[in-house]
Protein chains: 2
Amino acid sequence: MASSPTIEFWYDFASTYSYLSAMRIEAMAAEQGIGVHWRPFLLGPIFAAQGWRTSPFNIYATKGRYMVRDMERLCAERGLTFALPAPFPQHSVLAARVASVGVTEGWLAPFSRTLFEAEFAKGADISNEVTICHALRNIGLDANRIVAEAQQPAVKEALRARVAEAQAKGIFGAPTFVVGKELFWGDDRLGQALQWAATT
Amino acid sequence: MASSPTIEFWYDFASTYSYLSAMRIEAMAAEQGIGVHWRPFLLGPIFAAQGWRTSPFNIYATKGRYMVRDMERLCAERGLTFALPAPFPQHSVLAARVASVGVTEGWLAPFSRTLFEAEFAKGADISNEVTICHALRNIGLDANRIVAEAQQPAVKEALRARVAEAQAKGIFGAPTFVVGKELFWGDDRLGQALQWAATT
């Protein structure tokens, strides 16, 4: 039996370009009959390993200003709202842990889209538990139960293991799409990655 | 009288993604009736100003390995050959000075394409005057006269001024497309930049 083609979507909730991909990947993948594995991870430890203590968009201010303008133009083209949250980047550990609970419970994709919109369309602070709970309730979930579950050692460990897996795969930024052994970095490569999944 | 829309194409001969744009920009711009101003510059002084002594693709090896694979895939899609020259990045000062002579003599675009192909399709060393002369002769030019001209103080100064202009515009990478006050960074943004030029 041939299985359907799939693509791994690696994203960090703090990442502006991950927001772009989160909002379009399911529709684009569905058009080609491709399944999407949502893989929330943290860029922080990967950046730290190469000597960065914050986002390269903060380290290199000119690049950071450009990124904001680039996001404004791309969001306008796609009918999305864009607001840079303060501080940027947001601390995304709690969001990633909560998302990790969703990996096994089936609500990962809608939760991720809802939280990305809160953060990058409305400028909400995703390090704040209230923002996370609001996103969970927006899609009809028991926020209190899930946030408590997200603090369990097994969930924290699953997230650490996923970050290690990302690093082992050679992931150095977000979003990254993985098809077999091929990495595709950036929202700009989503179309090419799906094409790869469909034809190989 | 309304003038035709134009786009500035800022590129460094050492830049892999500038090769991609150099090979397609004229055809894409012509389709929309847009004129292209080729602007050869040097990323080195701009990288140095933010503390980099070499390409970020060397500083961050994982990113460098990814870039090579990304180039291989993109070149294959576009029917281009790709070979990473050694050393990478190439020293591009001589190439940029020679190109600067071409700015006022009308052969800048064909010279640039020919040299990019020598470097990134055949792996030639563009810091070697022989490579530069070969590219000039390939398009029917007097290589000896032009290479001598490229060493004149006025040409060196024109290149320095162009690098300063790039920095003043907020350019931090190559290729960069400029339309009015809007910057578009990377070969991935060429289509959007042309769209901008056509409609604003």
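Residues numbered from 1 in each chain as written. Chains lettered and ligands numbered in written order. Predicted model: local features only at pLDDT ≥ 70, side-chain atom pairs only at ≥ 80, totals over all residues. Heavy atoms only, no water.

### What about the interface of chain A and chain B?
- On the chain B side, the residues contacting the 22 residues of chain A number 22 residues.
- Both faces combined, the contact of chain A with chain B buries some 2,200 Å², and carbon together with sulfur accounts for 51% of it.
- Of all residues in chain A, A:Y66, A:R73 and A:R189 bury the most surface against chain B, accounting for 26% of the area lost on that side.
- In this assembly, chain A and chain B are joined by eight salt bridges.
- Here A:E182 ties to B:R73 by a salt bridge, and the two come within 2.7 Å at their closest N and O atoms.
- Inspection of the region where chain A meets chain B yields 14 residue pairs in polar contact (both at pLDDT 80 or more).
- Per element, the largest residue contribution to the side of chain A that touches chain B is eight residues, and it comes from helix 5 (residues 61-78) of chain A.
- Residues of the side of chain A that touches chain B, tallied by class, amount to 10 nonpolar, four polar and eight charged. (Contact = heavy atoms within 4.5 Å. Buried area = accessible area lost by both parts, 1.4 Å probe. Salt bridge = Lys/Arg side-chain N within 4 Å of Asp/Glu carboxyl O. Polar contact = N/O pair within 3.5 Å; in protein donor to acceptor, adjacent residues only side chain to side chain. Helix = DSSP H or I, 4+ residues; strand = E, 2+ residues; numbered from the N terminus. Nonpolar A, V, L, I, M, F, W, Y, C, P; charged D, E, K, R; others polar.)

### Let's talk about the confidence of the model for chain A
- The predicted model of chain A averages 95 in pLDDT, with 99% of residues at 70 or higher.
- With pTM at 0.94, the complex prediction returns an ipTM value of 0.93. (pLDDT = per-residue confidence, 0-100.)

### Description of the packing of aromatic side chains
- Applying the stated criterion across every chain yields a total of 38 aromatic pairs over all chains.
- For A:R73, the ring lying beneath its charged end belongs to B:F184, and the centroid distance is 3.8 Å. (Phe/Tyr/Trp six-rings, centres within 6.5 Å; stacked < 30°, edge-to-face > 60°. Lys NZ or Arg CZ within 6 Å of the ring centre and 35° of its normal.)

### A short note on the pattern of salt bridges
- The tally for this structure, following the rule as stated, stands at 28 salt bridges over all chains.
- Put simply, A:R189 and B:D188 hold a salt bridge, and the shortest N to O gap is 2.8 Å. Here the residue A:R189 occupies a position in the loop between strand 4 (182-185) and helix 11 (190-199), and B:D188 occupies one in the loop between strand 4 (182-185) and helix 11 (190-199), the pair thus bridging two chains.
- Residue class for A:R189 comes out buried when judged on its relative accessible area of 4%. (Buried < 20%, exposed > 50% of the residue type's maximum accessible area, 1.4 Å probe, protein only.)

### Quick word on the sheet that holds strand 2 (residues 35-40) of chain A
Residues and elements named next belong to chain A.
- As summarised here, the arrangement of the four strands in space is 2-1-3-4, forming an open sheet in which the pairing is mixed. Of all the strands in the sheet, the pair left with one neighbour each is strand 2 and strand 4. Each adjacent strand pair in this sheet contributes to an overall mean axis angle of 25°, direction not counted.
- Where strand 3 (residues 176-179) lies against strand 4, four bridges are found, and the strand directions are antiparallel. Counterpart to T176 in the pairing with strand 4 is W185.
- Of the strands in this sheet, strand 1 (6-11), strand 3 and strand 4 are in contact with helix 11, which crosses strand 3 at around 10°. (Pairing = 2+ DSSP bridges. Axes fitted to C-alpha atoms, helices over the stretch in contact; angles between N-to-C directions.)

### Details of the relation of the copies chain A and chain B
- The two copies are related by a screw motion: chain A maps onto chain B through a turn of 180° and a shift of 0.0 Å along the axis, at an RMSD of 0.0 Å. Taken together, these values place the two copies in the relation of a two-fold axis. Closest approach to the rotation axis among the C-alpha atoms of chain A is made by A:D188, whose C-alpha sits 3.4 Å away.
- Interface overlap between copies is the fraction of interface residues in one copy that are interface residues in the other; for chain A against chain B it reaches 100%, indicating a shared surface. (Least-squares fit on C-alpha atoms with pLDDT ≥ 70 in both.)

### Things to note about the sheet that holds strand 3 (residues 176-179) of chain B
Residue and element names in this part refer to chain B.
- With respect to topology, four strands assemble into an open sheet ordered 2-1-3-4, the strand pairing being mixed. Only two strands of the sheet have a single partner each, and these edge strands are strand 2 (35-40) and strand 4. Each strand axis lies, on average, 25° off the axis of its neighbour in the sheet, ignoring direction.
- Where strand 1 (residues 6-11) lies against strand 3, three bridges are found, and the strand directions are antiparallel. Note on strand 3: the bridge partner recorded for W10 is T176.
- Packing of helix 11 onto the sheet brings it into contact with strand 1, strand 3 and strand 4, and relative to strand 3 it is tilted by some 10°.

### Focus on unusual backbone geometry
- Along the chain, A:A86 connects to A:P87 via a cis peptide bond; the corresponding omega equals -5°.
- Looking at the secondary structure, you find A:P87 in the loop between helix 5 and helix 6 (93-103).

### Here we look at the nonpolar core
All names here are of chain A.
- Ranked by size, the top nonpolar core spans 50 residues in total, and within it F13, Y19, W38, V98, F111, I132 and L136 carry the most contacts.
- Per element, the largest residue contribution to this core is six residues, and it comes from helix 7 (residues 108-120).
- Once you skip the residues sitting within four places of it in the chain, L136 turns out to touch V98, W107, F111, L141, A143, I146 and V147. (Core = buried A, V, L, I, M, F, W, Y, C linked by side-chain atoms within 4.5 Å.)

### Comments concerning the environment of B:T176
Residues and elements named next belong to chain B.
- Turning to its location among the elements, T176 is positioned in strand 3.
- Sequence spacing of T176 and A193 is 17 residues, and the spatial spacing of their C-alpha atoms is 9.5 Å.
- Sequence-distant contacts of T176, defined by excluding residues within four places in its chain, comprise E8, F9, W10, I171, L183, F184 and W185.
- There is a polar contact of 2.8 Å between the side chain of T176 and the backbone oxygen of G173.

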